[in-house]
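# Coordinate inspection notes
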Amino acid sequence: MSVRESSNTARARGLTHAAPAAVSLQDALAAVADPVRRGILRELAAVPEWSKACGTFDLPVAKATLSHHFGVLRAAGLIEQRDEGPRRLNRLRRPEFDSVFPGLLDLVLSHPGP
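Residues numbered from 1 in each chain as written. Predicted model: local features only at pLDDT ≥ 70, side-chain atom pairs only at ≥ 80, totals over all residues. Heavy atoms only, no water.

The name recorded for the protein chain in an unreviewed UniProt entry is DNA-binding transcriptional regulator, ArsR family, from Amycolatopsis tolypomycina.

## Description of the pairing of strand β4 (residues 79-84)
The following threshold applies: Two strands qualify as a pair provided that DSSP identifies no fewer than 2 bridges between them. Elements are defined by DSSP. Helices are runs of H or I of four residues or more, strands are runs of E of two residues or more, and each kind is numbered from the N terminus.
Looking at chain direction, β4 and strand β5 (residues 87-92) are connected through six bridges and run antiparallel. Each residue of the ladder has a partner; that of Gln81, found in β5, is Asn90. Taking the residues between adjacent antiparallel strands as the criterion, β4 and β5 are bridged by two residues, where Gly85 takes a positive phi near 60°.

## Digging into the confidence of the model for the protein chain
So the rule is basically this: Note on scores: pLDDT gives the predictor's confidence for each residue, bounded by 0 and 100. What makes two residues a contact is simply this: any of their non-hydrogen atoms within 4.5 Å.
For the protein chain, the mean per-residue pLDDT works out to 89, and 87% of the residues sit at or above 70. Mean pLDDT values for the elements of the protein chain range from 39 in strand β1 (residues 3-5) up to 98 in strand β3 (residues 52-53). The low-confidence segment residues 1-10, where pLDDT is below 50, has 23 contacts with residues more than four positions distant or belonging to other chains.

## Re the sheet that holds β5
The condition that has to hold: Axes, fitted as lines to C-alpha atoms, cover a helix only where it is in contact. Angles between the N-to-C directions of the axes lie from 0 to 180 degrees.
Read from one edge to the other, the open sheet built from three strands follows the order β3-β5-β4, with strand pairing classed as antiparallel. If you trace the sheet from one side to the other, it starts and ends with β3 and β4, each paired once. Running at roughly 85° to β5, helix α2 (residues 35-45) makes contact with β3, β4 and β5 of the sheet. Packing of helix α3 (residues 63-75) onto the sheet brings it into contact with β4 and β5, and relative to β4 it is tilted by some 120°.

Next comes the structure, spelled out in structure tokens:
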């Protein structure tokens, strides 16, 4: 169960989600080191699962750059994405990530600023 696809739609077939247990500590730390990715994590932590679409994040980056950041977070086992119609919804995989890296996400989310 290290990698799985989000759904069967053509758009989502390219989405792979790493299981947090398959992620190295180095990759987890690299994923949370970037301030834009920390912003994504903070926004997801503040809303119910599957309620935040990719286009609704308030971040000062281009769409392609945002897509890259989502990919890094998926590869680190931090988020899961699924398509619902034209929207791509997101979920913070907090329980799964916390079971492998206890306390890391708490630290990241409690740190103020970028």
